[in-house]
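Chain and residue survey
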Number of protein chains: 2
Amino acid sequence: MKLAVVGLGLIGGSIAIDLKKAKFATEIIGVDSNSEHIEQALRLGFIDQTGTLETACKEADMVLIAIPVDKILSVLPIVLDHIPSHATVTDMGSTKRVISEAVKNHPRRKNYVPAHPMAGTENSGPIAALPDLFRGKIAILCDQDESGPQHVALIEKMLQTLGMKIAYMTADEQDHSTAFISHLPHAAAFALANAVLAKENREIIFDLASGGFNSTVRLAKSSPEMWGPIFQQNKEYIVESLEVYIRHLKEFKKSIENDENQMNELMANANRIRSILDGSNGSSLIQNEETFIKLYTK
Amino acid sequence: MKLAVVGLGLIGGSIAIDLKKAKFATEIIGVDSNSEHIEQALRLGFIDQTGTLETACKEADMVLIAIPVDKILSVLPIVLDHIPSHATVTDMGSTKRVISEAVKNHPRRKNYVPAHPMAGTENSGPIAALPDLFRGKIAILCDQDESGPQHVALIEKMLQTLGMKIAYMTADEQDHSTAFISHLPHAAAFALANAVLAKENREIIFDLASGGFNSTVRLAKSSPEMWGPIFQQNKEYIVESLEVYIRHLKEFKKSIENDENQMNELMANANRIRSILDGSNGSSLIQNEETFIKLYTK
């Protein structure tokens, strides 16, 4: 199968690596507005050839769009204009309502399957691409009744080839849940970095930053080119999520000041996240004392 | 050297593992108010014997206190009351002002060296203990002029044995910087977990949680028994840090709503944290394309 990948950064590159290795794609045409990225992707070997958006779309059995969500808005209709009638199109954008809306009345709407893989790192560009980035992670497929069943089936097969589990939602549900579970943590990390940078100097931060600070602030390294358009396209739900978050921060601050019992209750409630994330009872620690003894002591 | 470790959890246990392995301590006496923890630590082999607080202190050349900071307040004076005159005492608490203040006038104040290792995980108890937990991390030594030089030297040697780098501060400076760089990220994570738990159900969180959410919210799994007393003892600076953080969150929210340019500037400013944390230019990514090609493609 001939695959066109539009956008050769972290997401597009990582997908190309896996789909090539699994022979899901026999030939990959890479498209990117940045010619350095194209050269890197060719050198790194995860695309076979390059072309303009139009020529790549005309030749492809499937087109995968992995560019910032504001760019998807203008590129997706062009892609649908140029694909052969059998071809399948998907995008990997983190927002879905505005993008789906933009092609709602396109004659090739059925060829398009809106998707969102919940995976990534804070790095970007072809050199940030990683094999197996998506294995075990969730992909959201949206509004599947709006897409042709063959097209849904092909994207499901692609996501399974990447090792992903699939969740089905409306574009609106995806944007709301993603606001809280992905976009809010990014906004929180950007603000945390700014708060700390405002109060502590570089040397102190560098010296004192430990695992806890690093993991909480990691997402503040994320690219504004990618995240600005996400915050704009999902503005309504992200603002809602920030308001809920600020309310919880104020409540926690107040409890620290005036009500130790409530403070402890709020922490105990937050602790519930462990059992949810770790599954069952949260005991992902080494349980076998024998193993522990062998590994670590004496 | 005979070492008494008071508190056999993540921190005390991890230190015991390393100091035993490095033969810094030839004999370790473990003290804990939880008898199950003592049994576990004996079975895991990172302590050699156990005793009451008083008997352990009487025999020890050095006493290391690794318990929640509210407990340190009552235990530290008892330890100083019972040690031989040559012995050195340190504590691993995350706050330092209130603790130092509590023994300011103790006749053995010079034997005590207030310390804070900036390392840990969100887990607790002896089974959470890990070798090399401290390697490459920073420890803060406070108000060193208040301690005898032999005692400072011994604690420096211990921290170096653990592989730690040492930063010197007053207890007040440590509490302020730690509020922003360690305590605030914990408070932010507790509130983030509560905000998400308030708005999304377990299944959605479990399904959609990706690396970004997990790392940002990880600290919300931390123990209220440990963190409650830290928030209380460092209340003034933690409340300040939360106020600064809430201000930055509001500013970021407003920029998303009304001012895209400012939003982009705020993200670009937050991105500076990358160069600080990664050192130099933040290029910790694989730089060698040849290596990349060999590892990942074809």
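Quick caveat: nothing in here was measured; it's all calculated off a predicted structure. Here the residue numbering is sequential within each chain, running from 1 through the sequence in written order. All chains are assigned letters beginning with A, and all ligands numbers beginning with 1, in the order in which they are written. The model is predicted, so local features are restricted to residues of pLDDT at least 70 and side-chain atom pairs to those at 80 or more, both for listing and for counting; the totals for chains, interfaces and linings are taken over all residues.

1. A word on the pairing of strand S5 (residues 88-91) of chain B
Residue and element names in this part refer to chain B. Rules: Residues with at least 20 neighbouring C-beta atoms inside 10 Å of their own are called buried, those with 12 or fewer are called exposed, and the rest are partly exposed, where every C-beta is derived from the backbone. Elements are defined by DSSP. Helices are runs of H or I of four residues or more, strands are runs of E of two residues or more, and each kind is numbered from the N terminus. Each pair of strands is called paired provided DSSP finds at least two bridges between the two strands. Seen with its strands pointing away from the viewer, a crossover is right-handed if its path from the first strand over the helix to the second goes clockwise.
Because side chains alternate across S5, one face comprises the buried residues Thr88 and Thr90, and the other comprises Val89 and Asp91, equally buried. Taken together, the 4 bridges between strand S4 (residues 62-65) and S5 define a ladder with parallel strand orientation. In the sheet register, Leu64 faces S5, and the bridge partner there is Thr90. A crossover connection joins S4 to the parallel S5 through helix H4 (residues 69-82); in handedness this β-α-β unit is right-handed. Sheet topology note: the S5/strand S6 (residues 112-117) ladder contains 3 bridges and is parallel. Bridged to Thr90 within S6 is Val113. In this fold, S5 hands off to helix H5 (residues 97-102), which returns the chain to S6; that crossover is right-handed.

2. Digging into the interface of chain B and chain A
Worth spelling out the cut-off: By definition, residues are in contact whenever their C-beta atoms, placed on the basis of the backbone, come within 7 Å of each other. Classes in brief: Ala, Val, Leu, Ile, Met, Phe, Trp, Tyr, Cys and Pro nonpolar; Asp, Glu, Lys and Arg charged; the others, Gly included, polar.
Opposite the 95 residues of chain B that make contact, chain A presents 95 residues. If you list the elements that add at least two residues to the side of chain B that touches chain A, you get helix H2 (35-44), helix H7 (171-199), helix H8 (202-208), helix H9 (211-217), helix H10 (224-233), helix H11 (235-258), helix H12 (260-278) and helix H13 (289-296) of chain B. With 19 residues, H7 of chain B is the largest single contributor of residues to the side of chain B that touches chain A. Its residues assigned to classes, the side of chain B that touches chain A shows 58 nonpolar, 20 polar and 17 charged.

3. As for the packing of helix H11 (residues 235-258) of chain A against H7 of chain B
The criterion, for reference: Axis definition: a line fitted to C-alpha atoms, over the contacting stretch in the case of helices. Angles run 0 to 180 degrees between N-to-C directions. To sort the angles, those under 35 degrees are grouped as roughly parallel, those over 145 as roughly antiparallel, those from 65 to 115 as roughly perpendicular, and the leftovers as oblique. Each crossing gets its hand from how the near helix is turned against the far one by less than a right angle, where anticlockwise is left-handed and clockwise is right-handed.
In contact at an axis separation of 8 Å, H11 of chain A and H7 of chain B are set at 125° when each is read in the N-to-C sense. As the angle between them shows, H11 of chain A and H7 of chain B are arranged oblique. Helix-helix and strand crossings are classified by hand; for H11 of chain A and H7 of chain B the assignment is right-handed. Residues Val244, Tyr245, His248, Leu249 and Phe252 of chain A of H11 of chain A touch H7 of chain B, and the partners they reach there are Ala187, Phe190, Ala191, Leu192, Asn194, Ala195, Ala198 and Lys199 of chain B.

4. Considerations on the relation of the copies chain B and chain A
What counts, and what does not: The superposition of copies rests on a least-squares fit of C-alpha positions from residues with pLDDT of 70 or more in both.
Screw-axis analysis of chain B against chain A gives a translation of 0.0 Å along the axis, an RMSD of 0.0 Å, and a rotation angle of 180°. Here the two chains are linked by the operation of a two-fold rotation axis. Identified as the residue of chain B closest to the rotation axis by C-alpha distance is Thr216 of chain B, at 2.2 Å. A share of 100% of the interface residues of chain B reappears at the interface of chain A, consistent with the copies meeting face to face through the same patch.

5. A few points about the sheet that holds strand S2 (residues 27-31) of chain B
Read from one edge to the other, the open sheet built from 8 strands follows the order S3-S2-S1-S4-S5-S6-S7-S8 (chain B), with strand pairing classed as mixed. This sheet does not close on itself; its edge strands, each paired only once, are strand S3 (49-50) and strand S8 (165-169) of chain B.

6. Some details on the sheet that holds strand S3 (residues 49-50) of chain A
Residues and elements named next belong to chain A. With mixed pairing, the 8 strands of this open sheet are ordered in space as S3-S2-S1-S4-S5-S6-S7-S8. The open sheet is flanked by S3 and strand S8 (165-169), the only strands paired with a single partner. Against the sheet, helix H4 (residues 69-82) touches strand S1 (2-6), strand S4 (62-65), strand S5 (88-91) and strand S6 (112-117), its axis set at about 175° to S4.

7. What to know about the packing of helix H12 (residues 260-278) of chain A against H7 of chain B
Where H12 of chain A meets H7 of chain B, the axes come as close as 8 Å, and the angle between the chain directions of the two elements is 70°. With respect to H7 of chain B, the axis of H12 of chain A lies roughly perpendicular. Considering only the axes of H12 of chain A and H7 of chain B, their crossing is left-handed. Only Phe190, Ala193, Asn194 and Leu197 of chain B of H7 of chain B make contact with H12 of chain A, whose side of the interface consists of Leu266, Met267, Asn269, Ala270, Arg272 and Ile273 of chain A. Across the contact of H12 of chain A with H7 of chain B, the residue classes break down as 7 nonpolar, 2 polar and 1 charged.

8. Let's talk about helix H2 (residues 35-44) of chain A
All names here are of chain A. The test is simple: The reported arc concerns the directions from the helix axis to the C-beta atoms and nothing else.
Among the residues of H2, His37, Gln40, Ala41 and Leu44 are the ones counted as buried. One side of H2 holds all its buried residues, which, seen down the axis, span an arc of 100°. Immediately beyond the C-terminal end of H2, within one or two residues, lies Gly45, with a positive phi of roughly 85°.

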